[in-house]
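Given next are the chains, with one letter for each unit.
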Amino acid sequence: MARTALIVIDMLNSYEHEDAEALVPSVRDALPGVGALLKRARAGDSPVIYVNDNFGRWRSHHGEILRSALAGRYRDLVEPVAPDENALFVVKARHSIFYETPLAYLLGQLEVRRVVLCGQVTEQCVLYSALDAHIRHYEVVVALDAVAHIDPGLAHAALRMMERNMSAQLCTSDAITFGDASPA
């Protein structure tokens, strides 16, 4: 069985962007699913990797990104899914978690072949990350109740594309197992 990593995409967010008000309700809906995945991945001794935008702050690092997100007006969306001391962290500058980041190298070092994607935004960063994972021959799982969107119609279309074109497995967070097991 393939080793599985949970990848948390862009959940450390200060929500100081033009789409924030449209995104926030969906993030609130996704929080319980993300939290459940974090709990099970940690209990299953699976790698938990936060891949987060640096929001154009080129001197930032994961601690600064977390502090900035916690200082924002939606601290309640960040605290429940904040990284623990064992979490790994990759900073990205574009939509895909792989684009010019060391993530593929890190996954190789960890002997990961299956990635569970959660976070935001379904029709942007999650979609492009699923595509890049697929073309790198990773098994891709997307937790339907742990991804947030700006536009529900585009999110639905993105999920259909991930399933059809990228062979992504779409399921709810409670159907996803960690460790060296495949989803139920």
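Preceding this section is the structure that the text describes.
Only a predicted model underlies this, so the values are computations on that prediction, with no experimental measurement involved. (Residues numbered from 1 in each chain as written. Predicted model: local features only at pLDDT ≥ 70, side-chain atom pairs only at ≥ 80, totals over all residues. Heavy atoms only, no water.)

**Student:** Can you help me understand the overall build of the chain in this one?
**Tutor:** Counting its regular elements, the chain contains six helices and six strands. Walking the chain from its N terminus toward its C terminus, one meets helices and strands in the order β-α-β-α-α-β-α-β-α-β-α-β. For 184 residues, the compact-globule formula gives about 16 Å, and the C-alpha radius of gyration of the chain, at 15 Å, lands near that figure. The dimensions of the chain, computed from C-alpha atoms along their principal axes, are 40 × 35 × 30 Å. Split into buried and exposed, the 184 residues of the chain put 52% on the buried side. Excluding contacts between residues fewer than 6 apart, the proportion of contacts in the chain whose partners are at least 24 apart in sequence is 81%. As displayed, the chain has an accessible area near 8,900 Å², and 51% of this comes from carbon and sulfur atoms. (Helix = DSSP H or I, 4+ residues; strand = E, 2+ residues; numbered from the N terminus. Rg over C-alpha atoms; globule rule 2.2 N^0.38 Å. Buried < 20%, exposed > 50% of the residue type's maximum accessible area, 1.4 Å probe, protein only. Contact = heavy atoms within 4.5 Å. Areas by Shrake-Rupley, 256 points an atom, 1.4 Å probe, with all protein chains shown as cover.)

**Student:** Even after reading the chapter, I still don't get helix H2 (residues 62–71), so can you show me in this structure?
**Tutor:** Along an α-helix, a turn takes 3.6 residues, which lines up residues three or four apart on a common side. For H2, the full list of buried residues reads Gly-63, Ile-65, Leu-66, Ala-69 and Leu-70. On an axial view of H2, the arc spanned by its buried residues comes to 165°, and they lie on one face. Exposed residues on H2 whose side chains face more than 90 degrees from its buried face are Arg-67 and Ala-71. Looking at the buried side of H2, the elements it contacts are strand E2 (48–53), helix H3 (75–78) and strand E3 (88–92). (Arc of directions from axis to C-beta.)

**Student:** Please explain the packing of helix H5 (residues 122–135) against helix H6 (residues 152–166) as it appears in this structure.
**Tutor:** Working note: a packed helix pair is described by the angle between its axes plus the distance between those axes. It is at 9 Å that the axes of H5 and H6 come closest, and there the two elements cross at 5°. Taken together, H5 and H6 sit at an angle that is classed as roughly parallel. Together, Thr-122, Glu-123, Val-126, Leu-127, Ala-130, Leu-131 and His-134 of H5 and Leu-154, Ala-155, Ala-158, Leu-159, Met-161, Met-162, Asn-165 and Met-166 of H6 make up the contact between the two elements. Across the contact of H5 with H6, the residue classes break down as eleven nonpolar, three polar and one charged. (Axes fitted to C-alpha atoms, helices over the stretch in contact; angles between N-to-C directions. Parallel < 35°, antiparallel > 145°, perpendicular 65-115°, else oblique. Nonpolar A, V, L, I, M, F, W, Y, C, P; charged D, E, K, R; others polar.)

**Student:** Got a minute to help me understand the side chain of Gln-120 in this structure?
**Tutor:** Mapped onto the secondary structure, Gln-120 falls in strand E4 (residues 112–120). From its side chain, Gln-120 meets the backbone oxygen of Asp-10 in a polar contact 3.2 Å long. Leaving out residues up to four positions away in the same chain, Gln-120 has contacts with Ile-9, Asp-10, Met-11, Asn-13, Tyr-15, Leu-23, Val-27, Cys-125, Val-126 and Ala-148. (Polar contact = N/O pair within 3.5 Å; in protein donor to acceptor, adjacent residues only side chain to side chain.)

**Student:** Honestly, the sheet that holds strand E5 (residues 139–148) in this entry has me stumped. Any pointers?
**Tutor:** What holds strands together in a sheet is hydrogen bonding between their backbones, with the strands either parallel or antiparallel. Overall, parallel pairing links the six strands, which are arranged E3-E2-E1-E4-E5-E6 in an open sheet. Each of the sheet's edge strands pairs with one partner strand only, and the pair in question is E3 and strand E6 (169–171). Sheet twist, expressed as the average angle between the axes of neighbouring strands with direction ignored, equals 25°. Summarising the sheet, E5 and E6 pair through three bridges and their orientation is parallel. Within E6, the residue paired with Ala-143 across the bridge is Cys-171. Packed on one face of the sheet, helix H1 (residues 20–43) meets strand E1 (3–9), E2, E4 and E5 and runs near 130° to E5. (Pairing = 2+ DSSP bridges.)

**Student:** How should H5 be read in this particular structure?
**Tutor:** An ideal rise of 1.5 Å per residue puts 20 Å on 14 residues; H5 measures up with 18 Å between its terminal C-alpha atoms. Among the residues of H5, Thr-122, Glu-123, Cys-125, Val-126, Leu-127, Ser-129, Ala-130, Asp-132 and Ala-133 are the ones counted as buried. On the buried face of H5, the contacting elements are E1, E3, E4, E5 and H6. (Expected span 1.5 Å × (residues − 1).)

**Student:** When you look at the environment of Glu-123 in this model, what are you seeing that I'm missing?
**Tutor:** With respect to the element layout, Glu-123 can be found in helix H5. Each C-alpha atom, one on Glu-123 and one on Arg-73, is 24 Å from the other, the two residues being 50 residues apart in sequence. For Glu-123, the contacting residues outside a window of four places in its chain are Tyr-128, His-149, Ile-150, Asp-151, Leu-154, Ala-155 and Ala-158. For Glu-123, the side chain forms a polar contact with the main-chain nitrogen of Ile-150, separated by 2.8 Å. Reaching out from Glu-123, the side chain makes a polar contact with the backbone nitrogen of Asp-151 at a distance of 2.7 Å.

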